[in-house]
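Structural overview
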Amino acid sequence: MMRGVGTLVLSLFLVEGCARESRNFRLDPPIAASLDAVAPMPNRIGGAAPETDTVLGQPYLTNAYNLNQGKQLYTWFNCQGCHADGGGATGPAFLSGWWRYGPQAVSVFISIRDGRPEGMPAFGNRLTTEQIWQLTGYVRTIGAYSAQTAAPSRNDAMQSRPSENRAPATVATPSDEWPTAPSR
Amino acid sequence: MANRTLPLTLPIALLCSGCTGWQSVLDPHAIQASRLEQLIWLFVAVCGVVWVTVTVVLVMALLRRKTPYSHTDTRMTRIVRAAVIATVVIITGLAIVSFYATRGLSSSDATALEIRVRGYQWWWEVTYLDARADQVFITANEIHVPVGRTVSLQLAAADVIHSFWVPNLTGKQDLIPGRDNTLSFTPREIGVYRGQCAEFCGLQHAHMALLVVVESAGAFEHWRQGQLAPAATPRGGEQETGKHLFESKACASCHNIQGGTASGTVGPDLTHVASRRYIASGLLETNRGSIAAWVADPQTLKPGNNMPRVALDASELNALSAYLAALQ
Amino acid sequence: MLLAPRLRIRRGVSPNLDQVKHVGTLAPAVLLGLCLQSSAVLATSAGPNADEPKSPAMSVDPATRSSSLAQIDRHNVNQLEPVFTFRTGRLGAQGSAPLIRGDKLLVLSAFPHTLFAIGLARSNGTLSWQFSPTANRVADGLHCCDRTHLGPVAVGDRIYFSTLDGHVVAVDAEHDTPVWDVAVADPGQGETLASAPTAAAAELIVGNAGDDYGARGWIAALDRATGRTLWKHYSTGPDQDVGISADFKPAGPRDQGSHSWPGTAWQHGGGSVSGWISYDPRLQLVFHDTGPPAPWNPDPRPGDNRWTSGVFARDARTGEARWFVGLHPHALFPWRNGSANLLLDHTWEGAPRALLVHPDADGRLYVIDRQTGKILAADSYISYPRVARRASAEQTPRTNVQVRDVCPAWPGALGGDAALDQTTGRLYLPVSRLCMDLEGRSANYLQGTAFIGANVRVTSSNESDGAVVAWDVISRRAVWSIRERFPVASDVLVTAGGLVFYGTLDGRLKAVDAQSGTPLWQFGTSAPITGQPTTFVGPDGRQYVAVVAGASGPYGLAQQAWIDRRDATAARGLARVIANVGRPRDPSGTLYVFGLP
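For chain A, the count of helices and strands is 8 helices and 2 strands. For chain A, the N- to C-terminal ordering of α and β elements is α-α-β-β-α-α-α-α-α-α. The burial tally for chain A puts 48% of its 184 residues in the buried class. Intrachain contacts of chain A at a sequence separation of at least 6 include 60% that bridge at least 24 residues. Roughly 9200 Å² of accessible area belongs to chain A as shown, and the carbon and sulfur atoms make up 60% of that amount.

Most peptide bonds take the trans form, and the phi angle of most residues other than glycine is negative. Residue and element names in this part refer to chain C. In this chain, Phe111 is followed by Pro112 through a cis amide linkage whose omega measures -5°. Considering the arrangement of structural elements, one finds Pro112 in the loop between strand S6 (104-108) and strand S7 (115-119). In this structure, Pro408 follows Cys407 across a cis peptide bond, with omega equal to -5°. Along the chain, Pro408 turns up in the loop between strand S28 (402-407) and strand S29 (419-421). One non-glycine residue, Asp255, lies in the positive phi region at around 55°.

For the rest of this paragraph, the subject is the environment of Asp85 of chain A. Examined against the element boundaries, Asp85 of chain A turns out to sit in the loop between helix H6 (79-83) and helix H7 (105-114). When the C-alpha atoms of Asp85 of chain A and Ala33 of chain A are compared, they prove to be 30 Å apart, with 52 residues separating the residues in sequence. In contact with Asp85 of chain A, not counting residues within four places along its chain, are Tyr74, Gln80, Ile142, Met158, Ser160 and Arg161 of chain A together with Asn455, Asp567 and Thr569 of chain C. Here the side chain of Asp85 of chain A touches Ser160 of chain A through a polar contact of 2.5 Å, side chain to side chain.

Our next topic: the interface of chain A and chain C. Contacts between chain A and chain C engage 39 residues on the former and 39 residues on the latter. With a closest N to O distance of 3.7 Å, Arg137 of chain C and Glu118 of chain A form a salt bridge. Our count for the chain A to chain C interface comes out at 20 residue pairs in polar contact (both at pLDDT 80 or more). Looking at the side of chain A that touches chain C, the elements that each hand over two or more residues are helix H5 (64-76) and H6 of chain A. No other element matches the 3 residues that H6 of chain A contributes to the side of chain A that touches chain C. Of the residues that constitute the side of chain A that touches chain C, the class distribution is 17 nonpolar, 16 polar and 6 charged.

On to the state of the cysteines, then. Counted according to the given criterion, the structure contains 2 disulfides over all chains. For Cys407 of chain C, the disulfide goes to Cys435 of chain C, at an S-S distance of 2.0 Å. Judged by the sign of its S-S torsion, about 100°, the bond between Cys407 of chain C and Cys435 of chain C is right-handed. Taken together, the positions of Cys407 of chain C in strand S28 and Cys435 of chain C in strand S31 (residues 435-440) put the pair 28 residues apart, joining distant regions of the chain. Free cysteine Cys201 of chain B: the closest other cysteine sulfur is in Cys197 of chain B, separated by 3.7 Å.

So, about a nonpolar patch on the surface. All names here are of chain B. Side chains of Met76, Ile79, Val80, Val84 and Val88 sit close together on the surface and give an oily, nonpolar patch of about 430 Å² of accessible area. As for its placement among the helices and strands, Val84 is situated in helix H3 (residues 72-103). The exposure class of Val84 is partly exposed, given its relative accessible area of 47%.

Bringing the sheet that holds strand S11 (residues 167-172) of chain C into the picture now. Residues and elements named next belong to chain C. Ordered by their spatial adjacency, 4 strands build an open sheet running S9-S10-S11-S12, and the pairing between neighbours is antiparallel. Edge strands, defined here as strands with exactly one partner in the open sheet, are strand S9 (153-155) and strand S12 (177-183). Each neighbouring strand pair of the sheet contributes to a mean axis angle of 25°, computed without reference to strand direction. Summarising the sheet, S9 and strand S10 (residues 158-162) pair through 3 bridges and their orientation is antiparallel. The partner of Val153 across the bridge, within S10, is Tyr160.

Another point: the pattern of salt bridges. Between side chains of opposite charge, a pair can form as their charged atoms come close. Going through the model one piece at a time under the given rule, you end up with 45 salt bridges over all chains. Ionic pairing is found between Arg398 of chain C and Asp180 of chain B, a salt bridge with its closest N-O pair at 2.3 Å. Within this pair, whereas Arg398 of chain C is found in the loop between strand S27 (389-390) and S28, its partner Asp180 of chain B is found in the loop between strand S7 (173-175) and strand S8 (181-185), the two belonging to separate chains. By relative accessible area, which is 51% here, Asp180 of chain B ends up exposed. Each of Asp36, Arg44, Arg113 and Asp114 of chain A takes part in salt bridges that share partners, so that together they form one network.

A common way to report how large an interface is uses the accessible area buried once the components associate. Residue-level contacts link 16 residues of chain B with 18 residues of chain C. Interface area, chain B with chain C, both sides summed: about 1300 Å², of which 41% is carbon and sulfur. For the chain B face of the interface with chain C, the top three residues by lost area are Ala133, Asp134 and Ser263 of chain B, together amounting to 31%. In this structure, the connection of chain B to chain C is made through 2 salt bridges. At the junction of chain B with chain C, the criterion picks out 8 residue pairs in polar contact (both at pLDDT 80 or more).

It is worth spelling out the domain arrangement of chain B at this point. All names here are of chain B. Splitting chain B by domain gives domain 1 (113-228) and domain 2 (236-325). With centres defined by C-alpha atoms, the gap from domain 1 to domain 2 works out at 22 Å. Opposite the 22 residues of domain 1 that make contact, domain 2 presents 19 residues. Taken over both partners, the interface formed by domain 1 and domain 2 buries close to 1600 Å², and the fraction arising from carbon and sulfur atoms is 49%. Taken as a group, Trp123, Gln204 and His207 account for 27% of the area that domain 1 buries against domain 2, more than any other trio of residues on that side. We note a salt bridge from Glu142 to Arg277, for which the minimum N-O separation is 3.7 Å. Elements that contribute at least two residues to the side of domain 1 that touches domain 2 include exactly strand S2 (123-128), strand S3 (137-140), strand S4 (142-146), strand S9 (191-197), strand S10 (209-215) and helix H4 (217-228).

With that settled, consider the pairing of S8 of chain B. Residue and element names in this part refer to chain B. By the criterion of burial, S8 is predominantly enclosed, with 4 of the 5 residues buried. Of the strand pairs in this sheet, strand S5 (residues 151-157) and S8 are connected by 5 bridges, and their pairing is antiparallel. Each residue of the ladder has a partner; that of Gln154, found in S8, is Thr182.

Bringing the sheet that holds strand S1 (residues 113-120) of chain B into the picture now. Residues and elements named next belong to chain B. Strand order in this open sheet of 5 strands is S3-S2-S1-S5-S8, and the pairing throughout is mixed. On the outer flanks of this sheet lie S3 and S8, each paired with one strand and no other. Each strand of the sheet is rotated relative to its neighbour by a mean of 25°, with strand direction disregarded.

Residues and elements named next belong to chain B. Bridge analysis of strand S6 (residues 162-165) against S7 gives 3 bridges, and the strand direction is antiparallel. When the sheet's bridge partners are listed, Ser163 is paired in S7 with Asp174. Sheet analysis places S6 next to S9, joined by 2 bridges and oriented antiparallel. Directly across from Trp165, in S9, lies its bridge partner Gln196.

All right, on to H4 of chain B then. Residues and elements named next belong to chain B. For H4, spanning 12 residues, the distance from its first C-alpha to its last is 16 Å, which sits close to the expected 16 Å at 1.5 Å a residue. The set of residues buried in H4 consists of Phe220, Trp223, Arg224 and Gln227. Each buried residue of H4 lies within a common arc of 100° when the element is viewed along its axis, so the set occupies one face. The exposed set on the far side of H4, more than 90 degrees from its buried face, consists of Gly218 and His222.

Across chain B, pLDDT averages 91, with 93% of residues at or above 70. Predicted as a complex, the structure gets a pTM of 0.88 and an ipTM equal to 0.85.

What follows is about the environment of Ala101 of chain B. All names here are of chain B. Tracing the chain through its elements places Ala101 in helix H3. Between the C-alpha atom of Ala101 and that of Gln32, which follows or precedes it by 69 residues, the distance is 8.6 Å. Filtering out sequence-adjacent residues up to four positions away, Ala101 remains in contact with Arg35 and Leu39.

Cut-off values and rules
- Residues numbered from 1 in each chain as written.
- Chains lettered and ligands numbered in written order.
- Predicted model: local features only at pLDDT ≥ 70, side-chain atom pairs only at ≥ 80, totals over all residues.
- Heavy atoms only, no water.
- Helix = DSSP H or I, 4+ residues; strand = E, 2+ residues; numbered from the N terminus.
- Buried < 20%, exposed > 50% of the residue type's maximum accessible area, 1.4 Å probe, protein only.
- Contact = heavy atoms within 4.5 Å.
- Areas by Shrake-Rupley, 256 points an atom, 1.4 Å probe, with all protein chains shown as cover.
- Polar contact = N/O pair within 3.5 Å; in protein donor to acceptor, adjacent residues only side chain to side chain.
- Salt bridge = Lys/Arg side-chain N within 4 Å of Asp/Glu carboxyl O.
- Nonpolar A, V, L, I, M, F, W, Y, C, P; charged D, E, K, R; others polar.
- Disulfide = S-S within 2.5 Å.
- Patch = residues over 30% accessible without salt bridge, like charges linked within 9 Å, V, L, I, M, F, W, Y side chains within 5 Å.
- Pairing = 2+ DSSP bridges.
- Axes fitted to C-alpha atoms, helices over the stretch in contact; angles between N-to-C directions.
- Buried area = accessible area lost by both parts, 1.4 Å probe.
- Domains from an automatic or database assignment.
- Expected span 1.5 Å × (residues − 1).
- Arc of directions from axis to C-beta.
- pLDDT = per-residue confidence, 0-100.

Right under this line is the structure:
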């Protein structure tokens, strides 16, 4: 009897382990179009995410497949040239937990899609909305300072920093090292 | 008559069809594939004989009447000894033959045509190398070679392990990231041969096919000159619009078309996409309709591949497919 | 008298970004008219300024970075002390040198630029006027790794400077008004400017920067009066674009600039002309470097990649190429040049020869015949830390393959512009002894974004990453060398007083004996010194030494506040190397003027 129960419990665990996260390769076109409909604040920092993103459960922040695609896109579209692997160069770092335009995913999305006035190029006409969301999710994983439910896989390339799946990946930068705003 | 012979002819026909065709190991069209085919038949023959012998002996052993053990011990020892010696001899012989056959597969030939094949998920980038830089060109998923000339492939991978396998021409060789492998073959007959990726590489591993077109030296040179030329100038308003769309939308971020401003290197080079027999790595035959279908919705045709669905309306799709279908 | 009775250090007023503005709070009425036609700090010709009349306030010869002033010499330099400072309040790349003009000192701030004129007639350097051209902030994202020396330069009664976002601006010095402002480089294509225009013959010559962004290199001549482009030649492409005609040496096949590249890769092939352009008025030639090819990963660009990574000699009037020396065909490593070529007329192996001294980023000093382009010497001026191996052909970077311990690292062995003392034939080189690991990645070309194709980690020796080397050009050997803890990223100044001035990344301006290399004086400033120290004679007839402290160039990038050093590839691999320098006490560009008491 006990052995039967034990077998049942074990098989339930095994069955549970077979379930994998769902991957949506093809968004319905109206949904894909609606993902572009962010409602930014007037200063374009922060704002409301598209309704479909919330309804779908924020798939670009929580789905490992999307984060992995974001990681691939990060290399393909020259993000590393200005942001390195999150350490920054011409562009600011993502690792440090300091976000110039705020940590909200919507702000990062707007930065990538529309560019920012001091050197960030606009990628809105160079990438699809879904790709920009995948990049947004990945960028926020680099600078995550709390444990995430999903993470992209490790680098095959040169591993230059702590991997994204070591959560929390960063310790927030102490305030006396925050960059001072440039004077105008 | 037909009723009685049909059950017999059908399996025979099926069996024989496995021996020919454009993706068959048993239909060699290159020197290396011939050697491998001979090796296969040798193994099949030897192993077949061994199998038959063993089965006969087994059946005999099962059907024999039991006799009291008299001098069976000595006989058994002799039989076992003979079997062991025979096994060792056969296996050693096969190993030696196999060694010489596979060693002959890679030949270093100074006059070989050098081609670099880089495997991506899930397509093949083909770069024709040359000592003169301006004779170097890049294409995708289709390799043309002149008949009778040794081709030396430098195999590289961009992301995960793939494997290059064109059964009519030569054996498999892996494409391993960070490592350079080589593979060479010398095609003997003109024809078109299909190959595919032979190492599981992800979602669309099954749809990662390529074509090797073996043609005469003159036809090859003509093709090569065509590939070196920049892309065909668009003719007519629709193609002009298509070119403009290609360069202003997301297409140019991933694809390269020589002679325009699109210089992306993430996806296949499309300078002469319409000159290839298939698109999407052997998925669809190249024509305007299939190009339009692919551009409109790549994720339904090849789910999980890295080409996103770019939102286009009907007139844009028409213009774009007209432009791409004209890039001979 | 420039100095008040007791030493006072005053800060300049914080600048505004309005247009030309006169600030006269403490100074008297703005001085109108300049009585002295002084030749400029970064003026134009080789040797004594042939175009402009000589002036007693003559300062630094831009062709050799040497000064004939000898008031401050090895005996009294240890008494050198700061006279005043002026804080520009601007963060960002600050590499430009101050320019003395009459009794004003002109300083160009980091981008977005403001040109400050600091009056010297009254004590303590008060802001006299300032001018800010409109700035295209897109260029903020394009400025990575070139050392910026954007000016100003003075020619006649006009002041010219380049801006990071691709403009050349002319300002009338007497009336403090802008005269013209032309856009020559397009930041949308990844182009910026990193050098002030050079005055040659009757025109201004300027070259672009941006080979990290796939910009095609070019050099152009502008009309001094109107700013109109007179001619423009490229570093890659067909002979017609490059300016190669029949009398070009070395003679070779046609259109090498496009045939040594696959397909149309030359259209974004790099080869920028971001460094100082030298002018020889006697031969009527200009000499300039072309930068490394794009992308850094050599895999996508088989072939010799003409005409990148070499030195061009061009006719000063027409821009036609006379000769080219290809120092790194199919450059495997992205060493960037852009440090000045120095002109030296000397006997070489018995015969008098016109020489071009070219300290290269690969750690070798090339001596080239200026007339024919023949390489006469190529000697290594640098030694590397114990673990390093020299870059060689066996270590070929390819996609997905890492090469380790390549020396020098990508910023090059030369950290700044060298100085040449023409009387002794000695060259003073600021050296960086860093090495790097490089991994090739696939490079995708997107206009206006970085086109690199490489992951880089730079390694430090943790003992001595830099040096200043005194090299005897004619006898081809090092005379002395000073080891520095950090890479020496400033330009060098040599004076007739027997002094060599240079600055370090931890903010010290140092003076050493030119003869022996003995350190004589140093001063700690508030920011890394990566610019050109300069010296001039003030209106009171006394000699001063000035430098603008502020981080520029690749090392400056690594010290920006937003870099996170947990990523070994941050700031193109330099972040960890510079970690020990620490953040600057005051990252804003600040002018320091020193004088004898």
